[in-house]
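# Descriptive structure summary
In case you want the letters, here they are:
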Amino acid sequence: MHFRSSRILGPLFILLASSLVSLANEPYDFVLRKGRIIDGTGNPAIHADLAVKEGRIATIGKVAGHGKQEWDVSGLVVAPGFIDVHTHAEDVEDRPLAENFLHMGVTTLILGNCGTSALNIGGFFKNMEALTFSPNIATLVGHGTIRSRAMRGSSQRPPTEAELEQMKALVHQGMKEGALGLSTGLIYMPGVFAKTEEIIELAKVASADDGIYATHQRSESGEIFNSLNEIITIAREARIRVEISHLKLSGPANWNQADKVLELIESARAEGLDITEDQYPYTASSTGMSQLVPDNIKEGGHARFLERLGNAEAKAKCFEEMKATLNKRKSPDYSYAVIASYKADPSLNGLNIAQASEKTRGGSSIDEQIETVLEIEKKGGASGIFHGMSDADLETFMRHPNTMFASDSGVRRLNADVPHPRGYGTNARVLGTYVREKKVLRLEDAIRRMTSLPATTFHLTDRGQLREHAMADIAVFDPETVADNSTYKDPHHYATGFKYVFVNGVLVIENDKHTGARPGMILRRRTEPR
Ligand SMILES: [Zn+2]
């Protein structure tokens, strides 16, 4: 009897069990078959399938069940979607497809950098959610934004007690609404006027909410060691994690000190401070041409600037200061500065200041070049590209294990102006030029710095790694052909080599084309949707 029943129940049980298994495993939303899976931790690649269900990674390995969609990705790398920790992509509101980012595998953008963010972060997030958009979005609270608000303009003085209290309240408000931390831009107005103590007080507020402090530091040239010491003081006094934004050494006079910079950062880390950094893989920077004009002549707004320029004495002093700055950085003139976007005269876009001076004034003496810089500022300013770093320093910074990659870019408008190529190329350039060609980094390590390292640093849960239950932000690319196609002279080309890019399990790039999908989420601090 016993023998007989098991003969009947045995096959029945097997039938029942196997149908349960297939119910549980099938259907996946999609399965990527036979990919070279690089999980984002820095671990070596494994060859496996990856299945996604309801926006999350369901399993990695030999996947028996089937997906509603299946792709054979043999020969291709399957990596976590890239996280760009330093963007100025507030303009995603105008261009929610964020094509330049998606085309280089970036699935998460951190906004609010260099001291500039939405003032009303909760409102900004709400608007974006109503609009819908392609990449995931997180933000920092911009110190410059809240300082301008609390002090009513760019004031060259410390805040009053009441103003400081208001700034603290604004930081706390932003953090409560989901910001990841506080950012500063200490070369820009009004951040340039903030003393260390002011930043410490505000960083303490961000730190109490488990936020990070990301800083465009006070100097990236002659004063960089004082600047780094200020960062270390802030990290220590406010007990806050710090991200040094776009770490670099600007100006030939300051080159060949990357090792010394990293030594100082390492000594602070040995003391117990969490200091990390990011960079873009280019030897030119980009910011407002206004940076060439001394702060004291601009302080107080445009009307005051024009007033001072009208005063012969003040103007002469301005000329003197600008020449001294050129000398200090060992630049013979302003030919290192190229006009990227100049509304008042777009015909100058793409020309350096010496060329623009030749074109508009018929000469390019230093005095004529300074006149050209001041003229641009008078007419509302321009953005510029500044050729000022060495590739050796760039590679030394890149080899440091805590360096992430970031575009420092907004959402590009195809064919508008002559912007820095980093907004189109950053991640693809690291993978093509610095991994495949120059072999500065191994592929797994480069991907770690674009994925798990930023996710860990900025406390983005469930992102930046390929593992079960993680959100399905995935970049599938060909490591043999991935390329940045954007150059300084001809920037408006998307990166190529990305076969599929998924955001929250939704296909956004297919064969280097944007699908138009807008599955992006707002990533609020600690309250990420589960
Ligand atoms: Zn910056």
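Residues numbered from 1 in each chain as written. Predicted model: local features only at pLDDT ≥ 70, side-chain atom pairs only at ≥ 80, totals over all residues. Heavy atoms only, no water.

We now examine the overall build of the chain. Each helix and strand counted, the chain has 17 helices and 21 strands in total. For the chain, the spread of C-alpha atoms along the three principal axes comes to 110 × 50 × 45 Å. Working note: accessible area of the chain is about 21,800 Å², and carbon and sulfur atoms make up 52% of it. (Helix = DSSP H or I, 4+ residues; strand = E, 2+ residues; numbered from the N terminus. Areas by Shrake-Rupley, 256 points an atom, 1.4 Å probe, with all protein chains shown as cover.)

Our focus in this paragraph is the pattern of salt bridges. Using the criterion set out here, one finds 34 salt bridges in the structure. Measuring nitrogen to oxygen at the nearest pair gives 2.7 Å for the salt bridge that ties Asp-473 to Arg-463. One end of the pair, Asp-473, is in the loop between α17 (452–457) and β18 (474–477); the other, Arg-463, is in the loop between α17 and β18, and 10 residues separate them in sequence. By relative accessible area, Asp-473 is classed as buried at 5%. Among the charged side chains, a salt-bridge network with shared partners connects Glu-165, Lys-168, Glu-201 and Lys-204. (Salt bridge = Lys/Arg side-chain N within 4 Å of Asp/Glu carboxyl O. Buried < 20%, exposed > 50% of the residue type's maximum accessible area, 1.4 Å probe, protein only.)

All right, on to the coordination of the zinc ion then. Coordination of the zinc ion by the protein comes from Cys-114 (SG), His-216 (ND1) and His-246 (NE2), over a distance range of 2.1 to 2.3 Å. For the zinc ion, the single-chain donor residues occur in sequence as C-x101-H-x29-H. Taken as a pair, His-216 in strand β11 (residues 212–216) and His-246 in the loop between β12 (241–244) and α8 (258–270) lie far apart in primary sequence, 30 residues in all. Like His-216, the residue His-246 is buried in the burial classification. (Donors = N, O, S within 2.8 Å, 3.2 Å for Na, K, Ca; no water.)

Before going further, it helps to examine the packing of helix α6 (residues 196–208) against helix α7 (residues 224–238). Two elements in contact, α6 and α7, have axes whose closest approach is 9 Å; the angle formed by their N-to-C orientations is 45°. Considering their axes alone, α6 and α7 lie oblique with respect to each other. Here α6 runs over α7; the crossing is right-handed. From α6, Thr-196, Ile-199, Ile-200, Ala-203, Lys-204 and Ser-207 reach across to α7, where they touch Glu-230, Thr-233, Ile-234, Glu-237 and Ala-238. Among the residues making up the contact of α6 with α7, the classes are represented as 5 nonpolar, 3 polar and 3 charged. (Axes fitted to C-alpha atoms, helices over the stretch in contact; angles between N-to-C directions. Parallel < 35°, antiparallel > 145°, perpendicular 65-115°, else oblique. Left-handed = near helix turned anticlockwise from the far one by under 90°. Contact = heavy atoms within 4.5 Å. Nonpolar A, V, L, I, M, F, W, Y, C, P; charged D, E, K, R; others polar.)

Here we come to the packing of aromatic side chains. Throughout the structure, instances matching the rule amount to 13 aromatic pairs. Measuring from ring centre to ring centre gives 6.4 Å for Tyr-334 and Tyr-336, while their planes differ by 35°; the resulting arrangement is tilted. Each of the two residues, Tyr-334 as well as Tyr-336, counts as buried. Cluster of aromatic residues (ring-pair linked, three or more members): Phe-30, Trp-71, Tyr-500 and Phe-502. For the cation-ring pair, Lys-260 lies above Phe-225, with the distance from its terminal atom to the ring centre recorded as 4.6 Å. (Phe/Tyr/Trp six-rings, centres within 6.5 Å; stacked < 30°, edge-to-face > 60°. Lys NZ or Arg CZ within 6 Å of the ring centre and 35° of its normal.)

With that settled, consider the pairing of strand β2 (residues 46–53). Summarising the sheet, strand β1 (residues 28–37) and β2 pair through 6 bridges and their orientation is antiparallel. Bridging from a neighbouring strand, Ile-37 pairs with Ile-46 of β2. Bridging between β2 and strand β3 (residues 56–61) involves 5 bridges; their strand directions are antiparallel. Bridging from a neighbouring strand, Lys-53 pairs with Arg-56 of β3. In this antiparallel pair of consecutive strands, β2 and β3, the connection spans 2 residues, and Glu-54 shows a positive phi of 50°. (Pairing = 2+ DSSP bridges.)

Taken domain by domain, the chain consists of domain 1 (80–283 + 388–472 + 481–499 + 510–514) and domain 2 (288–384). Taking only C-alpha atoms into account, the centre of domain 1 sits 27 Å from that of domain 2. Counting residues at the interface gives 15 residues for domain 1 and 13 residues for domain 2. Roughly 1,100 Å² of surface becomes buried between domain 1 and domain 2 when both sides are summed, with 54% attributable to carbon and sulfur atoms. Of all residues in domain 1, the largest losses of buried area upon contact with domain 2 belong to Met-189, Ala-253 and Val-418, amounting jointly to 33% of the total for that side. (Domains from an automatic or database assignment. Buried area = accessible area lost by both parts, 1.4 Å probe.)

The next subject is the pairing of β1. Counting buried positions over the 10 residues of β1 gives 7, a clear majority of the element. Bridging between β1 and strand β4 (residues 67–72) involves 5 bridges; their strand directions are parallel. Looking across to β4, one finds that Phe-30 is bridged to Gln-69. Pairing between β1 and strand β5 (residues 77–80): 2 bridges, direction parallel. In the strand pairing of β5, Ile-37 is matched with Val-78.

Taking strand neighbours across the sheet as the criterion, the 3 strands line up as β6-β7-β8 in an open arrangement whose pairing is parallel. With one partner strand each, in any of the chains shown, β6 (82–84) and β8 (136–139) form the two edges of the open sheet. For this sheet, the mean angle separating the axes of adjacent strands, direction not counted, is 20°. The pairing of strand β7 (residues 106–111) with β8 spans 4 bridges and is classified as parallel. Considered in β8, the bridge of Thr-108 is made with Asn-136.

This paragraph deals with α7. Look at α7: 21 Å from first C-alpha to last across 15 residues, which is about the 21 Å you get at 1.5 Å a residue. Looking only at α7, the buried set comprises Ile-224, Phe-225, Ser-227, Leu-228, Glu-230, Ile-231, Ile-232, Ile-234, Ala-235 and Ala-238. Residues of α7 that are buried in the fold lie against α6, β11, β12, α8 and β13 (275–279). Just downstream of α7, Arg-239 is the residue with a positive phi angle, here 50°. (Expected span 1.5 Å × (residues − 1).)

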